[in-house]
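Here are the chains, one letter per residue:
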Amino acid sequence: FERLLSASGPTYGQIQRLSDSKTPKRIAFLQCIGSRDQEHDYCSAVCCMYATKEAIMAKEHHPELDIHVFMMDMRAFSKGYWAYYERARENYGIHYHRCRVSALQEDPHTHDLILFHTDDGGRRNKESFDLVVLSVGMEISDSVRNLGERLGVSLDEYGFCHMVQFDPVETSREGVYAVGPFREPKDIPESVVEASSAAASAASRLAGSRFSLTTSQDYPPERSVGSEPARIGVFVCHCGSNIGGYLDVPEVAAYAQRLHGVVHAEDLLYACSQDAIELITRRVSEHDLNRVVVASCTPLTHQPLFQDSIRAAGLNPYLFDMANIRNQCSWVHSHDWDVATKKAKDLVRMAIARAAALEPQKTFPVPVTRSALVIGGGAAGMTAALNLGDQGFDVHLIEKQAELGGNLRHVLTSIPSLNGDQPPGPQQVLQKLVSDVQVHPRIKLCLASQVTDTSGFMGNFISVVEDDQGEQQEIAHGATILATGGQEYHGQEYSYGTDRRIMAQQQFERILTEEVALVQEFKSVVMIQCVGPAEKYCSRICCSVALKNAVVLKQINPAAQVVILHRDIRSYGFKERLYNLARELGVIFLRYDENAKPEVDIQESGLYIKATDSVLGEPILFETDLLVLSMPVVPEDDAMQIASLFKVPVDANGFFLEAHVKLRPVDFSTDGVFMAGMAHYPKLLDESMIQAKAAAARAARILSQETILAGGQVAVVDPSLCTGCLTCVRVCPFNIPQVQADLEGVGHILGAVYIEASVCQGCGSCVAECPARAIQLMHYTDTQMVAKVSALINEDFGFVSLDSVA
């Protein structure tokens, strides 16, 4: 179905029934096909969101479609997933039904599909659909299973790889690592994080041989093109049918050929392919090009690739511009061929105008401070510090508390093993991490300390750390990892804090381990899921923690009645087995509607919980000894302060916001700063440790270099225009501008500001704020941007009289 939705698919993005090419009006998605059944005791983790994504895409193609999703639970457990599900329901009108489909039959006359299902109220339903999409779960293929066996790694009965507890990406065979769905069913962001984590584990083993076998790419001498008139080459990409299916790519290329300064233009099927990259390099030499424009997708992901291609032909990489005709044309004007084509011509014309005014820029090597700063001494922070230390880098580990451990100090019970082995408990993991950190020769530990100030840029940061005695020290570091953790929410919902019989899961977990005699006396315990902020976003770990503690309780006291009131049970992946175990032990699960939340009545005689069963449609009253609230994880109190200090963004819920959910899932948009653990989003222990190693891998890419290139896109001051107002000094986030009081030939009493090109980060803040217009951002100068905007306004703009236009 996703292939049918693709512009490069067999129907060019038009949804058709394969049997008769009919355009469907009603579509049903059936969830949990090959998951959570008698042959697969696990959840495939991705199917709920895949179906939601495809349903939204289908509605965007055909808004008139009537789409229904039939599911058992909505497992929208990752960052942003719940909001995406809500958007599907509220904005797109997609209907979700909690049920299990009992039969599917074809109508022999219409060839439509008849669906039989029973809803929550026990009513049997029969509905007709034009098209049915099966959300099929994940399995390990025979070839992958055979590969695992040949490598000698331990596999489970389904062929998934059995992992080591202390190193979540290491297999049973030392030095062999497994990531992605080979470990457990998972989505793309988690798979990408695990890949970086495995890279970090491998790097710690190979640190002693770093760079011993690497080679550097040889480039030809850079051509001097300053005095030459513009000779521009334009390459327009089809991107298969992703662009070419929605606008006239050959016509755009032909149009570009007619524009002033263009000596060559052609269209390419995939401009980013290896063959096309080599072709662009050849065309630069063949046509003596001195500027290049590529019209394809976003420069955020592909610009470095094309810059490298023209550098291989002897051109400065800054003599390049891109027109984003995918995101800004084919994607947003997919229903209007003419509009998309015209807009693509506009964007190409603008890029050509700017390219004609581009100038070569120089870059400078800047030494890298080859040490790291890790903030947060929980499981994530310690894991990141240990990996970086094992890779040979000095690490400063900062923890605001007087002891290490963070939230791991409160995790006392383990998820029971369901495959026969006995993994170490969370406190054993904590003890090992703390011990390894304390004896590691490259880790300097700062307890009861906080970062109070930081400055600098990627490769060269300076941070001020202050301990609880008020003593300060300056730490120079090349990369920063923020692993500041999260905390259990303690709001007033369900009368929390008013009665000792109402507690959160962390407190209940301590009772399970420290007051076993009391636990054996319990007759009834009720748990409520999705409390407080978890009504707006899924806290990811709450269901697993509740299931774990419910199982531990039933193992201690089998006679106790345990009831879990929930909206959905989000036991993704292999956590489904824990859900199954809880049901086998007699834990009662009752789903409540979000508009009819449970009610708590506190009496001296007992604690009473009233909830409406969605199946019976009747209220049920529970008398219980304890009410345990599955409180969500929320950001630490100082998360916003840390974010402001390091100039990194947070999302609407206060968690750190990654640069790109799939391409850069542990990076911030601020270069050289990375995230790990629950400060990014709620995670289980192994997930936090995996992300910590991923952050370490990303930081090591910087720390392993002796120098990094700076310059190019930097701010330059015209001292003859500078009035010394200090605006740029105040607004620069990197503290780069400096006043040169004795600068000769300026003629201003306060002196002019000087910006060192080798350390400027090119953010442009000073350029935008300078009231005297004395600062220019190289590669985005006023002349270049005026040319670009003028080309948009005037289709006959000849790119010649730039000064008069300005």
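Residues numbered from 1 in each chain as written. Predicted model: local features only at pLDDT ≥ 70, side-chain atom pairs only at ≥ 80, totals over all residues. Heavy atoms only, no water.

### Thoughts on the overall build of the protein chain
Helix and strand counts for the protein chain come out as 22 helices and 35 strands. The C-alpha atoms of the protein chain give a radius of gyration of 30 Å, which matches the 28 Å a tight globule of 806 residues would have. Projected onto the principal axes, the alpha-carbon positions of the protein chain cover approximately 90 × 80 × 55 Å. Counting across all 806 residues of the protein chain, residues that qualify as buried make up 53%. Across the protein chain, every contact between residues at least 6 apart in sequence was considered, and the portion connecting residues at least 24 apart equals 69%. (Helix = DSSP H or I, 4+ residues; strand = E, 2+ residues; numbered from the N terminus. Rg over C-alpha atoms; globule rule 2.2 N^0.38 Å. Buried < 20%, exposed > 50% of the residue type's maximum accessible area, 1.4 Å probe, protein only. Contact = heavy atoms within 4.5 Å.)

### Regarding helix H13 (residues 505-514)
Spacing of three or four residues puts side chains on the same side of an α-helix, whose turn is 3.6 residues. When H13 is considered as a whole, its buried residues turn out to be Gln 505, Phe 508, Glu 509, Ile 511 and Leu 512. The buried residues of H13 all sit within an arc of 160° when viewed along its axis, so they share a single face. Buried residues along H13 sit in contact with strand S20 (486-488), strand S21 (502-504), helix H14 (516-519), strand S22 (524-528), helix H15 (542-556) and strand S28 (626-629). (Arc of directions from axis to C-beta.)

### So, the nonpolar core
Ranked by size, the top nonpolar core spans 50 residues in total, and within it Val 234, Val 292, Ile 325 and Ile 352 carry the most contacts. Here this core gets nine residues from one element, more than from any other, and that element is helix H10 (residues 337-356). Setting aside chain neighbours within four positions, we find Ile 325 in contact with Val 236, Cys 237, Ile 243, Leu 247, Ala 295, Ser 296, Ser 330, Ala 344 and Leu 347. (Core = buried A, V, L, I, M, F, W, Y, C linked by side-chain atoms within 4.5 Å.)

### Some points on the sheet that holds strand S16 (residues 449-457)
Taken in spatial order, the three strands line up as S16-S17-S18 in an open sheet, and their pairing is antiparallel. The open sheet has two free edges, formed respectively by S16 and strand S18 (472-477), since each of these has just one partner strand. Neighbour-to-neighbour, the strand axes of the sheet open up by a mean angle of 20°, direction not taken into account. One ladder, built from eight bridges, connects S16 with strand S17 (residues 460-467); its direction is antiparallel. (Pairing = 2+ DSSP bridges. Axes fitted to C-alpha atoms, helices over the stretch in contact; angles between N-to-C directions.)

### Some remarks on H10
Relative to the 28 Å expected for 20 residues at 1.5 Å per residue, H10 spans 29 Å between its end C-alpha atoms, a close match to the ideal helical length. Within H10, 14 of the 20 residues are buried, leaving the element largely enclosed by the surrounding structure. Residue Asp 336 occupies the N-cap position of H10, its side-chain oxygen lying 3.4 Å from the main-chain nitrogen of Asp 338. (Expected span 1.5 Å × (residues − 1). Polar contact = N/O pair within 3.5 Å; in protein donor to acceptor, adjacent residues only side chain to side chain.)

### Some words on the sheet that holds strand S14 (residues 394-398)
Sheet strands pair via backbone hydrogen bonds, and the direction of the pair is either parallel or antiparallel. Spatial ordering of the open sheet is given by S15-S14-S13-S19-S30, a layout of five strands whose pairing is parallel. Each edge of the open sheet is held by one strand with a lone partner, namely strand S15 (443-446) and strand S30 (673-675). On average, each strand axis in the sheet is tilted by 20° relative to the strand beside it, whichever way the strands run. Relative to S14, strand S13 (residues 371-375) runs parallel, the two sharing five bridges. In the strand pairing of S14, Val 374 is matched with Leu 397. With respect to the sheet, helix H11 (residues 379-390) is in contact with S13, S14, S15 and strand S19 (479-482), its orientation differing from that of S14 by roughly 165°.

### A word on the packing of helix H7 (residues 274-286) against helix H8 (residues 299-311)
It is the contact of H7 with H8, at a shortest axis distance of 8 Å, that shows an interaxial angle of 40°. In terms of orientation, H7 lies oblique with respect to H8. You can see that H7 and H8 cross each other, and the crossing is right-handed. Residue-level contacts link Ile 277, Ile 280, Thr 281 and Val 284 of H7 to Leu 305, Phe 306, Ser 309 and Ile 310 of H8. For the contact of H7 with H8, the class distribution of residues is six nonpolar, two polar and no charged. (Parallel < 35°, antiparallel > 145°, perpendicular 65-115°, else oblique. Left-handed = near helix turned anticlockwise from the far one by under 90°. Nonpolar A, V, L, I, M, F, W, Y, C, P; charged D, E, K, R; others polar.)

### What about the environment of Ala 757?
Position of Ala 757 relative to the elements: it lies in the loop between strand S34 (752-754) and helix H20 (765-769). The buried category is assigned to Ala 757, whose relative accessible area is 19%. For Ala 757 and Met 74, which are 683 residues apart along the polypeptide, the C-alpha to C-alpha distance reads 52 Å.

### Quick word on the confidence of the model for the protein chain
Residue-level pLDDT values for the protein chain average 92, and 97% of them are 70 or greater. Long-range and interchain partners of residues 745-749, a stretch whose pLDDT sits below 50, account for five contacts in this model, where long-range means more than four residues apart. Across residues 799-806 the pLDDT falls below 50, and counting only partners more than four positions away or on other chains, this stretch makes 16 contacts in the model. (pLDDT = per-residue confidence, 0-100.)

### Points about the packing of aromatic side chains
Here the structure, examined in full by the defined rule, presents 16 aromatic pairs. When the ring of Tyr 42 is compared with that of Phe 574, the centres are 5.9 Å apart and the planes differ by 75°; the resulting orientation is edge-to-face. With Tyr 42 in the loop between strand S1 (26-33) and helix H2 (47-61) and Phe 574 in the loop between strand S23 (561-566) and helix H16 (575-584), the pair connects residues that are 532 residues apart, well separated along the chain. An aromatic cluster is built from Tyr 42, Tyr 158, Phe 160 and Phe 574, whose rings are joined through pairwise contacts. Just above the ring of Phe 574 sits the side chain of Arg 577; from NZ or CZ to the centre is 4.2 Å. The ring of Tyr 579 has Arg 583 lying over it, and the distance from NZ or CZ to the ring centre is 4.5 Å. (Phe/Tyr/Trp six-rings, centres within 6.5 Å; stacked < 30°, edge-to-face > 60°. Lys NZ or Arg CZ within 6 Å of the ring centre and 35° of its normal.)

### A few points about the side chain of Lys 554
Along the polypeptide, Lys 554 turns up in helix H15. A polar atom in the side chain of Lys 554 sits 2.9 Å from the backbone oxygen of Ala 560. At 3.4 Å, the side chain of Lys 554 forms a polar contact with the backbone oxygen of Leu 585. Here Lys 554 is in contact with Ala 560, Val 562, Leu 585, Gly 586 and Val 587, once residues within four sequence places are set aside.

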